[in-house]
Amino acid sequence: MSSFFCDDVKWDGQYITLKWSLQNEVDCSTIQLLLKERKTQKTINVEVDFTQTDSNLVTSIKANSLNHLTAGIWDFYLKKGRNRKVSRISLNAKAVSNEQTRYYIPFYKVGKNLNCTLYLTEDYGVSLRYASEDILESKAYNVVTYQYVIEGIKDNYQELRLQVTLSKQWHSKTILIIKNEYGERYEMPAIFQNQDLVIEKEGYSFLQGKCSFYLQRKEGRILEQVHLFIDEKSSRLWEGYALKTTRYEHISISETASFKLQVKESNRPDHIISGELIAEDLTMTQQCMSFHVSLDEMGAVEDWTFFLKRKSSEEKLYLRNTFILEANIAVISIEMEQTNFIVSKGTTWILHAEKRHINYIEERKVGLYQASLPTRSDRYIGFYELTDEIGAVPIIQKTRVYAVSFMTRQQYFKLKAPADVSIHSLKMKKGIMTLTVSIALVDSNAITFNGLRLIERNEHKRIIELQTNKKVTTKNGRIKVTSVVDLNQLDLDPFYWDFYASISMDHLGDRDIRIYSDHYGVIKKLRHFMFKYTLVDEQGYMTYPYLTVNGGLSITHRKKGEYEERKNKWTEYAAYFYYHFFYQFFSRKPVWLVHEKFSETAQDNSFYFFRYCYMNHPQRKVYYVIKKGALDEKNVNEYKDRVVYFMSFKHLVLLLSSKMIISSEAKGHGYAWRVSQGVIKKFVTEKKYIFLQHGVLGLKKVDSTFDYNTQNSAELFVASSDYEKSIITKYFGYSNNHVIVTGLPRWDVLEDKTNLLEVGKKREILLMPTWRNWLEEVEETDFVKSDYFHAYNSLLQSEKLHQVLSEHNLLLNFYVHPKFMPYVKTFTKSSEHVRVFQFGEEKVNELIMKANLLITDYSSVSWEMYYLRKPVIFFQFDLDQYTDFQGSYMDLNKELFGEAVFNPEDLIASIDSTAKNGFIEKPEFAQKRNEYFKFVDRDNSKRIFKEIMHKEKDIDKQKSFLDVFRHSDMVKVLWRRYRKLKMVQRFGRKFLNRHKQ
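Conventions and cut-offs
Going along each chain's sequence as written, the residues are numbered from 1 onward. pLDDT decides what is reported in this predicted model: residues at 70 or higher carry local features, side-chain atom pairs at 80 or more are listed and counted, and totals for whole chains, interfaces and linings draw on all residues regardless. Side-chain measures here rest on the full set of heavy atoms in the structure, leaving out hydrogens and waters. Helix and strand assignments follow DSSP, with helices taken as H or I runs no shorter than four residues and strands as E runs no shorter than two, numbered in order from the N terminus. Residue burial is assigned from relative accessible area. The probe radius is 1.4 Å, only protein chains are included, and a residue is buried under 20% of its type maximum, exposed over 50%, and partly exposed in between. Here, two residues are considered to be in contact whenever any of their heavy atoms come within 4.5 Å of each other. Only the protein chains shown count as cover for residues, and the accessible areas themselves come from Shrake-Rupley with a 1.4 Å probe. Following DSSP output, two strands are said to pair if at least two bridges run between them. Axes, fitted as lines to C-alpha atoms, cover a helix only where it is in contact. Angles between the N-to-C directions of the axes lie from 0 to 180 degrees. Roughly parallel covers angles under 35 degrees, roughly antiparallel covers those over 145, roughly perpendicular covers 65 to 115, and oblique covers all other angles. Side-chain classes are defined by residue name, with Ala, Val, Leu, Ile, Met, Phe, Trp, Tyr, Cys and Pro counting as nonpolar, Asp, Glu, Lys and Arg as charged, and the others, Gly among them, as polar. Buried Ala, Val, Leu, Ile, Met, Phe, Trp, Tyr and Cys residues form a nonpolar core when they are joined through side-chain atoms within 4.5 Å. Geometry of aromatic contacts follows a simple scheme: Phe, Tyr and Trp rings, the Trp one being its six-membered ring, pair when their centres are within 6.5 Å, and the pair is stacked under 30 degrees between planes, edge-to-face over 60, tilted otherwise. Definition used: whenever NZ (Lys) or CZ (Arg) falls within 6 Å of the ring centre and also within 35 degrees of the ring normal, the charge is taken to sit over that ring. By definition, pLDDT measures how confident the predictor is in each residue, and it falls between 0 and 100. A carboxyl oxygen of Asp or Glu within 4 Å of a side-chain nitrogen of Lys or Arg is what we treat as a salt bridge. The length a helix should cover is 1.5 Å for every residue beyond the first. Counting of polar contacts relies on pairs of N or O atoms within 3.5 Å, with two restrictions inside protein: one atom must be capable of donating a hydrogen and the other of accepting it, and residues adjacent in sequence are counted only when both atoms are side-chain atoms.

(A) Molecular detail of the overall build of the chain. When its secondary structure is counted, the chain shows 24 helices and 60 strands. Per-residue burial over the chain gives 54% buried out of 997 residues. Sequence-distant contacts in the chain: of pairs separated by 6 or more residues, those separated by 24 or more amount to 68%. Of the roughly 47200 Å² of accessible surface on the chain, a fraction of 49% belongs to carbon and sulfur atoms.

Printed below as a string of C-alpha cells:
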C-alpha cells in the first residue's frame, strides 16, 4: 500500500493536527480520513473538515471525539480521489529516532484505565496508541526507580502516616499511585507533612484485597518512581490490614495479622540517562543559532545546559545559552562565537542537552525527531565565519540530530546549492589546451558566471584566472563555456592545480565549483595519450592535465620522474600486450608481489615476510620488488631468483598477473610514484592487497589513507593485539574477518643486542622522530623556521645534552625520517657523542636492537623498543599542534607506555635519570604490555602466512560481474552524469557501493 506523506504532525494532548504541502488544489469533498485497528483491521471513518491555505492542506482532530476507540494501535489512512485510493499517512522521513521519542506527550485520559497518545511507527507512519497509562509511560519516558525505607508508621484511624526521608523535590509535583489486585489504578496528590507521607483513609473503599502503592513525578521525559521498601514483617496499619513487600518490591496491603517492622538500607542508583530531546525550527541569525523545545519535553528550562560533543570522541564544549518562553514553548539561543574554541579541531560536533538531578544525569541529543526531515540542502542552516577560511555551520544530520560542522565557505555553498560542472570536450596541441565545460544548477536563473580558474591545492591556494573565449546558455539552462589555456604561459608552482568554475549566486555570493569529467573519451585520452597531453619545459618540469580518483580535472606541475621517459611507457605497453596475449594463458601458479616504501628498501615487515616465504615455502611464487641500485639491494642478493627490479618488463608483467600485493606500505609504492597516466596504474589500484603495516597503530591517525572504502583498502589488515584490532574496526571501517591479530614480521628477528656491547664502547640512544604532515614538501627556507627544526636542532646543540652524553659515555643516533631526507644536512652534529643518519644508511631494526633507550615523539618504532622491554621517552614538544593536525587513537595523556616530556630541558633530565637507573623499564609501563601485544615470540610471519593461506580462496577468487561493473569507466561516467536522478541514486546505493563483509 502506498503512503501519503504529510509535512507536519502536532499533538498537545487534546488535538491532533495534520498538514500536507500541495502542488495543486484538491477537492476536499473527495478526501476521507480513516482509522484502522492494526490487530483486528477494524476500520472507522473520522469525521473532520479539511481546509486549504497557502498551498497547504490542514485538518485537526479533537481527541475526545475518539473516546469510543478501544485499546490497541490505530493507524491513520487517507482515502482520496475519485477512485477512492487508500494510502497510509506517514511523515516524510528518512531516519528513524528511538521508540521513546516517537511517542508524543502528554497523554489524553480516555477512561478509568485507558489513555491515548499520538505515536509514530518505525517507518514514521502516524498512529494512535490506546493503552493503560502504565504501558504508555514505559514507552514514552525514561523510568527511574528508587527504593526508600519506611522508617516508621503512625495510625490515628483517620489517616495513615508513613515516615519516609525524601528530598524536598518530592514534596511538590508528586502523585501517589495505588493499584488494586484487579489492575485498577488510582492517583491522588501526595501530601507531605514534614517527613510524613499522609494517606487519608476516608473514601478509599477500593482498597479491597491486595493493593500496592508508590510515589511518582514527571519532568520532561523523566518519570521518577519511589518504591517504598519494607521487610516481610511490618507493624499493623489499621484494623485488619498490614504492609507486605511484593516480589516486585512494591508495598502491598492485605488482610492479615500484624507484623513487626524491620528497616533495611535504601539503594539509590547513580547513573547517566541517555536519550533524545525533541526540538523544532532550527534557525540562524547573524550571531546565534536558535531552536524551539516544548516545555512538556523539558520541564524547567533553566535547569538545562547545552554542550557540543565531538563525533566519535568524548571531547565536550559547554555552551552559554539564553531562552525566551512563548506559551508552552522555549526558544533557546546559542551564540556561535563560542565554537571558536573548537574550530581548530574540525569535524562535526553533536548538540546535547544536559540536566543534573540529585542521583543521575540526563544527557540527550537535541534533534528534529517529530517532524519531516528537510531536503538535503535545507539541512544546512547558515554559515558563521570564525576565521578567514573556516566557519561554523549548524546542520540537521540524516539521523535528525542537530550538530555544528566546520567547513570552508565554498564547502558550505556546495552543500547548500548543489551544482554540476562537467567537461564537454578537452583538446591539446603544443601545450595549448582547449577546454569546454557546461555548468548546471538547480536554479540556473539565480547564478552569474564569472569565469574559469585554476586553484593551487595547498595551504597557499593561489588562483590563476583563465581567459573565457566563448559562453553560450543552452535551452535547458546549462551554461556552456570554452576556455583556451596556454600551459607554456602559466606561472605554476609544484604540485597540483585544480580546475574550477567561478559563479555568483543571488542568495549566497561567490562560489567556486569543481570541474569533473563525465566524458568517456576524455578519460581514455588522458590515460593513454600522455605524450600528446604533456608539456616538458627546459628545466625538466612536466605539466599535464589528469583526472583525480573522483574524476576531478586537475593539472600536475612537477619534476619529470625517473620512469616517465618514452622508453618506460613503451615498456609498459609491451608488458601489457605480452601479458594479455601470452603470459596469462601459461601462468598457472598464483603470484604474490612484495614491496616496501617506494620499492627502495628491504628492511621492514615486507622484507622479513618475503624472507620467511622464500625459506619455508619455496613452492610459492613470491617475488620481492626493489629498485636497481638501491642501498638495500645487498639485503636481497641471496634471494635473487625471486627478486625483480622495479618498473622492469618482468616486474610489470608480474604486476599484471599477480593475485595479490603484500606490503608494509600503500600498494601504490609498488608502481612509479605520482604517475597517474598509463595503462597499468588502473590495474595496480584494483589489485587485492594484504597490509602488513609499517608499525603499530595508536600514536598517529592514518585512517584517511587506509580506510576500507579507499583505493588502499586491504583484504587482510595485520594487527598486533585485540586493542589494535578494535582501533582498525572502529576507525578504518573494517569488519572483524578482515583483521588478523598476528604481530609484525620484523619482530621475528628482534633481539636485545645491548648485552653484546664491547667493553669501552659507548652505549647507544636512538633518537627517531616521525614526520609532520603540515611540513611535507615545504621549501628548505621554511623548514628551518619550523618548531620541528628548532626543537631538534636546539637539542642537538645543547651543551647540557653533550655533558650528559659524555658523563654516561653515550652515543646519540639521530635517524631522520624519510620524509625529511631533503633537509638532512640542516641537522648538524656538534660532538663525537652525536651521529645523524640519513634514511637507509643503517637498518632501523639494527639500531633498535643496539639501543638502550629510544627517544621519539609519535613514531611507531616505539612499539619495537617496548616489545624488547626497553625504555621509551616521548618528546612531544608540539602535542597540541599534533593533536589538531594529525591526531592519535590513543589517549596520549594516559595510555603511553613511556615517559612524556615537552621541552628539551626535561628531555635531557629524563635521559640523565634513565641512564643513572641502568636503562631499566619502569614497572608502570611494563604492566601494560599484555594489553598491547597478544604474542611475544618469533612466529609472526608464520601466523600471517597461515592466515593468508586460510583465506586465499576468498581473496583470490575471480572478480564478479558486479565488481567489473563497478570499476568500469563507462559506469563511472554515467554515474557522474546522472547521479542526481533519484532512480540512479537508488541504483547506485544498491549496486555501486562497496560494503564490508
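Having put the structure on the table, let's press on.
(B) Highlighting the pairing of strand E9 (residues 85-91). Summarising burial for E9: 5 of the 7 residues are buried, a large majority. Pairing between strand E8 (residues 72-80) and E9: 4 bridges, direction antiparallel. Paired with Lys79 across the two strands is Val86, which belongs to E9.

(C) Molecular detail of the sheet that holds strand E60 (residues 899-901). Read across the open sheet, the 6 strands follow the order E57-E56-E55-E58-E59-E60; overall the sheet is parallel. Each end of this open sheet is capped by a strand with a single partner; those strands are strand E57 (834-837) and E60. Direction aside, neighbouring strands of the sheet carry axes that sit 20° apart on average. Sheet topology note: the strand E58 (residues 851-856)/strand E59 (residues 872-875) ladder contains 3 bridges and is parallel. Bridging across to E59, Leu854 finds its partner in Val872. Seen against the sheet, helix H13 (residues 799-807) touches strand E55 (763-767), strand E56 (810-815) and E57 and runs at an angle of roughly 125° to E56.

(D) Representation of the environment of Lys19 in the model. Its place among the elements puts Lys19 in strand E3 (residues 15-21). Looking at Lys19, the relative accessible area reads 31%, which means it is partly exposed. Between the alpha carbons of Lys19 and Asp8 there is a distance of 5.2 Å; along the sequence they are 11 residues apart. If sequence neighbours within four positions are ignored, Lys19 has contacts with Cys6, Asp7, Asp8, Asn56, Leu57 and Val58.

(E) Spatial organisation of the packing of H13 against helix H17 (residues 904-916). Contact pair H13 / H17: the axes reach a minimum separation of 10 Å and the direction vectors enclose 5°. In terms of orientation, H13 and H17 fall into the roughly parallel class. Contact with H13, carried on its side by Lys800, Leu801 and Val804, involves Ile908, Ile911 and Asp912 of H17 and no other residues of that element. Grouping the amino acids of the contact of H13 with H17 by side-chain chemistry returns 4 nonpolar, no polar and 2 charged.

(F) Examining the nonpolar core more closely. One finds Phe732 and Trp863 to be the most contacted residues of the largest nonpolar core, which totals 103 residues. Ranked by size, the runner-up nonpolar core spans 51 residues in total, among them Ala403, Val485, Ala501 and Tyr533.

(G) Looking closely at the packing of aromatic side chains. For the structure on display, the rule yields 53 aromatic pairs. Measuring from centroid to centroid gives 6.1 Å for Tyr412 and Phe413, while their planes differ by 50°, and the two rings are tilted. This pair shows no difference in class: Tyr412 is buried, exactly as Phe413 is. Here Lys316 stacks its cationic end above the ring of Phe307, 4.7 Å away from the centre of that ring. Residue placement shows Arg929 over the ring face of Tyr866; its charged tip is 4.4 Å from the ring centre.

(H) Structural view of the packing of helix H12 (residues 787-797) against H13. Packing of H12 against H13 brings their axes to within 5 Å, and their N-to-C directions diverge by 55°. Relative to H13, the element H12 lies oblique. Residues Leu795, Leu796 and Gln797 of H12 form the contact with H13, whose participating residues are Glu799, Leu801 and His802. By residue class, the composition of the contact of H12 with H13 is 3 nonpolar, 2 polar and 1 charged.

(I) Expanded view of unusual backbone geometry. Omega for the peptide link from Ile105 to Pro106 comes to 0°, which places this bond in the cis form. Looking at where Pro106 falls in the secondary structure, it is placed in the loop between E9 and strand E10 (108-111). The residue Asp281 is not glycine, and still its phi comes out positive at about 55°. In this structure, Asp281 sits in strand E26 (residues 280-284). Residues other than glycine seldom take positive phi values, yet Met647 does so here, at roughly 65°. For Met647, the position within the fold is in the loop between strand E50 (643-645) and helix H7 (649-657). When its relative accessible area of 9% is taken as the criterion, Met647 is described as buried.

(J) Seen up close, the confidence of the model for the chain. Mean pLDDT for the chain: 83, with 85% of residues reaching 70 or above. For residues 231-269, every residue scores under 50 in pLDDT, and the model assigns this stretch 108 contacts once sequence neighbours within four places are set aside.

(K) Broad picture of the pattern of salt bridges. With the rule as written, the count across this model stands at 43 salt bridges. Note that Glu354 and Arg356 form a salt bridge whose closest N and O atoms lie 3.2 Å from each other. The class for Arg356 is exposed, based on a relative accessible area of 58%. Note that Arg462 is salt-bridged to Asp493, the shortest N-O span being 2.8 Å.

(L) Structural detail: H17. Taking 1.5 Å per residue as the helical rise, H17 with its 13 residues ought to reach 18 Å, and the 18 Å between its terminal C-alpha atoms agrees with that figure. Listed as buried for H17 are Pro904, Leu907, Ile908, Ser910, Ile911, Asp912, Thr914 and Ala915. For H17, the side-chain oxygen to backbone nitrogen distance between the N-cap and Glu905 is 3.2 Å, and the N-cap itself is Asn903. Gly918, located one to two residues past H17, shows a positive phi value of around 75°.

(M) View of the environment of Ser735. Tracing the chain through its elements places Ser735 in the loop between helix H10 (722-731) and strand E54 (739-741). It is 9.8 Å that separates the C-alpha atoms of Ser735 and Lys725, two residues lying 10 residues apart in sequence. Among the polar contacts made by the side chain of Ser735, one reaches the side chain of Asn737 at a distance of 2.6 Å.

(N) Focus on the pairing of strand E52 (residues 688-691). By the bridge criterion, 4 bridges tie strand E51 (residues 660-663) to E52 in an arrangement that is parallel. Bridged to Ile661 within E52 is Tyr689. Examined bridge by bridge, E52 and strand E53 (residues 716-719) share 2 bridges and lie parallel to one another. Opposite Phe691, over in E53, you have Phe717 as the bridge partner.

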